[in-house]
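Residue-level listing of the chains:
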Amino acid sequence: MRIDLDIIPSYIKDNQDILDLGCGDGTLLKLLRDEKNSNGIGLENDHDKITECIEKNIAVVEFDLNKGLQQFDSNSYDIVIMTLALQAMERPDHVLDEMLRIGKECIITFPNFGHWRARLHLMLHGKMPVSDLLPYQWYDTPNIHFCTVRDFEALCIEKNISIIHKDMVSEKNISSFLCKHHPNLFSETAIYHLTRN
Amino acid sequence: MDGFPKGSVGLVEAKTQHFDTPLPLANGRVLSEYDIIYETYGELNSDKSNAILICHALSGDHHAAGFYSEDEKRPGWWDHYIGPGKAIDTNHFFVLSLNNIGGCNGSTGPLSINPKTGKVWGENFPTLRVRDWVETQKRLADLLGIKRWAAIVGGSLGGMQAMRWSLEYPDRVKNCIAIASALKLTAQNIAFNETARQAIMADPNFFEGRYSEHNTIPKDGLAVARMIGHITYLSGDGMGEKFGRELRSGSFSLGCDDPLEFEIESYLRYQGTKFSTQFDANTYILMTRALDYFDLAREYNHNAVEAFSHATCKFLVISFTTDWRFSPERSKEIVQALLHAKKPVTYAEIESSYGHDAFLVPNKRYNDVFSGFMANIAHDIKRGES
């Protein structure tokens, strides 16, 4: 299980209405249904992943997130979630606004580009980082808007968004202490639970 | 094993049920008695929880799967998706497919005798709305002891019936599957239907719908109506791929004056002519009008969200990329209303070059989505039984 998906259920109360933007194969929505009795719906554009959602009995709507979420009513979901997809959006700031318009709260996870290995890669090789989690080259990557933990929190302040929870995680246990104290340097994935002030 | 293809429900037989409880219709008239012809595939389980209702489209009928005899060349119209191991898996489900009233394949319709006059109904057969069909389908369900359909499934006009069920009898539908359908027709779509109707009415053998009295049928008009319909059921690209500008006969060589015929002309004429002797013109008019009149949200303040707020079932909506008669946009309107109404909905837009006809044609992704959704329904039924 992806480590951000492990943590998200701890933010969520029972029986909440959830919209998962870019829900992938439905793993998270299934987890939330099984553990939190969530009433969830997923939006996804990848055909194979949509089929996998259906196999898990997850309600999924074929949808291109870059076409915008105007059709969703304000405050129509308890929580709007987007995991590891914000960096692939054309305008992450607009997406964040929309998530907090549609949901009373939102949960966002993203790969932290400030991680020491990304920094080291750029410093040593002078080339854009390529890793297991982010295996793409600069020219073919769907991830067009990378940010660091600090960048993201600066955006939250600018937009007057409050952080209800945050967790900085790394696949390796050894890093958890470092993640806590130097999140921008040691966390691979940042997890934020947000609401409007 | 018999000589039927693998995955076929095999030999099937139609049954006719007579109803003599008068049926009040949406237009205020009453049908005093009527027959419904239907077929079933698979076994009804002990608690009658595995029943699937198939609602047919404009020119469909009750013969959705299997064969009437070993000699029959073509199986029922949805045989690709109904049968053992297929999307609507008859190993799990009891499938009921009927011919709607107003039809011309065995259920009471314009070709039937009006018991009050002793004459053929013809153009006097009452105009019907989708809700009238839902009512007759409900009566058949009552008779068979089916309290709740595991799913109601339909393409095009059939999808409209499935959606109407979900609002009229929410506690009697667990799943609603609307394929290549719409909340209501667009002006353009009504325009195609009206052009087809005018083609029929312009036929000198139409006799204002009383052609039976004159022992004739408006064959040419119905053929043109079918040709118009057929063009709109295919996609421009699909038609181009299949026929292009190929000639059936003649040549463009200089000096050649032989009659020229494009393949597409020959194909359309063949389809039109075939249809014109198999289908009834008054039924065609009646069915296209029912399509035109349908507006799911009309009595819900023209608000589809308010309409769907009455539904309690799960929904599967499917559209096809090249379908311009019931385009993906129409399906997205259904999905959007369902999302606003906070109803569980799954939606897939299937790549296909077959236009509106795609819902009848084999397609891997369509089959994956459809089968996957149906497998969950089968699973729920099994869990309910144990």
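Note: the structure precedes this text.
Residues numbered from 1 in each chain as written. Chains lettered and ligands numbered in written order. Predicted model: local features only at pLDDT ≥ 70, side-chain atom pairs only at ≥ 80, totals over all residues. Heavy atoms only, no water.

Notes on the interface of chain B and chain A
Of the residues lining the interface, 21 residues belong to chain B; the matching set on chain A comes to 18 residues. Three residues stand out in chain B for area buried against chain A, namely Leu339(B), Lys342(B) and Arg365(B), and they jointly supply 33% of the buried area on that side. Joining chain B to chain A, the criterion identifies two salt bridges. Among the salt bridges present, the one from Arg365(B) reaches Glu62(A), with a minimum N-O distance of 2.9 Å. Linking chain B to chain A there are 13 residue pairs in polar contact (both at pLDDT 80 or more). Among the secondary structure elements, those contributing two or more residues to the side of chain B that touches chain A are helix H9 (328-340), strand E16 (345-350) and helix H10 (364-385) of chain B. Residue classes in the side of chain B that touches chain A are distributed as eight nonpolar, five polar and eight charged. (Contact = heavy atoms within 4.5 Å. Buried area = accessible area lost by both parts, 1.4 Å probe. Salt bridge = Lys/Arg side-chain N within 4 Å of Asp/Glu carboxyl O. Polar contact = N/O pair within 3.5 Å; in protein donor to acceptor, adjacent residues only side chain to side chain. Helix = DSSP H or I, 4+ residues; strand = E, 2+ residues; numbered from the N terminus. Nonpolar A, V, L, I, M, F, W, Y, C, P; charged D, E, K, R; others polar.)

A look at the packing of helix H5 (residues 236-243) of chain B against helix H6 (residues 263-278) of chain B
Residue and element names in this part refer to chain B. Between H5 and H6, whose axes approach to 10 Å, the crossing angle comes to 110°. One way to sum up the angle between H5 and H6 is to call them roughly perpendicular. From H5, Met239, Lys242 and Phe243 reach across to H6, where they touch Glu263, Ile264 and Tyr267. The residue inventory of the contact of H5 with H6, partitioned by class, reads four nonpolar, no polar and two charged. (Axes fitted to C-alpha atoms, helices over the stretch in contact; angles between N-to-C directions. Parallel < 35°, antiparallel > 145°, perpendicular 65-115°, else oblique.)

Considerations on the packing of helix H3 (residues 187-201) of chain B against helix H7 (residues 281-293) of chain B
Residues and elements named next belong to chain B. H7 packs onto H3 with a crossing angle of 160° between their chain directions and a minimal axis gap of 10 Å. As summarised for this structure, H3 and H7 are arranged roughly antiparallel, according to the angle between their axes. In this structure, H3 crosses over H7, and the sense of that crossing is left-handed. Within the contact between the two elements, H3 uses Ile190, Asn193, Ala196, Arg197, Ile200 and Met201 and H7 uses Ala281, Tyr284, Ile285, Thr288, Arg289, Leu291 and Asp292. The residue inventory of the contact of H3 with H7, partitioned by class, reads eight nonpolar, two polar and three charged. (Left-handed = near helix turned anticlockwise from the far one by under 90°.)

Observations regarding a negative patch on the surface
Residues and elements named next belong to chain A. A contiguous patch of negative charge, built from Asp46, Asp48, Glu52 and Glu55, is present on the exposed surface. Following the sequence through the fold, glutamate 55 ends up in helix H3 (residues 47-55). Residue classification places glutamate 55 among the exposed positions, given a relative accessible area of 56%. (Patch = residues over 30% accessible without salt bridge, like charges linked within 9 Å, V, L, I, M, F, W, Y side chains within 5 Å. Areas by Shrake-Rupley, 256 points an atom, 1.4 Å probe, with all protein chains shown as cover. Lys, Arg positive; Asp, Glu negative; His and termini not counted. Charge placed at Lys NZ, Arg CZ, Asp CG, Glu CD. Buried < 20%, exposed > 50% of the residue type's maximum accessible area, 1.4 Å probe, protein only.)

Concerning unusual backbone geometry
Phi angles above zero are rare outside glycine, and Asn57(A) is one such case at about 65°. Considering the arrangement of structural elements, one finds Asn57(A) in the loop between H3 and strand E3 (60-62). With a relative accessible area of 23%, Asn57(A) lands in the partly exposed category. Unusually for a residue other than glycine, Lys342(B) sits at a positive phi of about 60°.

Here we look at the packing of aromatic side chains
A complete count under the given rule lists 26 aromatic pairs over all chains for this structure. Note on Trp78(B) and Phe370(B): the rings are 5.7 Å apart at their centroids and 40° apart in plane angle, and the pair reads as tilted. Remark: Phe370(B) occurs in helix H10 and Trp78(B) occurs in the loop between strand E5 (51-55) and strand E6 (82-83); sequence separation between them is 292 residues. Classification of Phe370(B) as buried rests on a relative accessible area of 0%. By way of ring pairs, the aromatic residues Trp77(B), Trp78(B), Tyr81(B), Phe320(B), Phe359(B), Tyr366(B) and Phe370(B) are connected into one cluster. Residue placement shows Arg226(B) over the ring face of Phe275(B); its charged tip is 4.3 Å from the ring centre. One cation-aromatic arrangement involves Lys342(B) over Tyr77(A); the distance from NZ or CZ to the ring centre is 4.5 Å. (Phe/Tyr/Trp six-rings, centres within 6.5 Å; stacked < 30°, edge-to-face > 60°. Lys NZ or Arg CZ within 6 Å of the ring centre and 35° of its normal.)

Side note on a nonpolar patch on the surface
Taken together, the side chains of Trp116(A), Leu120(A), Met123(A) and Leu124(A) present a nonpolar region at the surface, about 440 Å² in accessible area. Mapped onto the elements, Leu120(A) comes out in helix H5 (residues 116-125).

Considerations on the pattern of salt bridges
All names here are of chain A. This model, assessed by the stated rule, comprises 28 salt bridges over all chains. Two residues, aspartate 78 and lysine 104, come together in a salt bridge whose shortest N-O distance is 3.3 Å. Placement of aspartate 78 in strand E4 (residues 77-83) and of lysine 104 in strand E5 (residues 103-111) is noted, with a sequence separation of 26 residues between them. Of the residues examined, lysine 104 reaches a relative accessible area of 44% and is grouped as partly exposed.

Looking at helix H1 (residues 130-144) of chain B
All names here are of chain B. Taking 1.5 Å of rise per residue, the 15 residues of H1 would be expected to cover 21 Å, and the 21 Å separating its terminal C-alpha atoms lies within 8% of that figure. Of all the positions in H1, only Val130, Asp132, Trp133, Val134, Thr136, Gln137, Lys138, Arg139, Leu140 and Ala141 are classed as buried. Remark: glycine 145 follows H1 within two positions and exhibits a positive phi of approximately 75°. (Expected span 1.5 Å × (residues − 1).)

Considering the environment of His379(B)
All names here are of chain B. Mapped onto the secondary structure, histidine 379 falls in helix H10. What makes histidine 379 partly exposed here is its relative accessible area of 48%. On a C-alpha basis, the gap between histidine 379 and histidine 92 in space is 9.2 Å, while along the polypeptide they are 287 residues apart.

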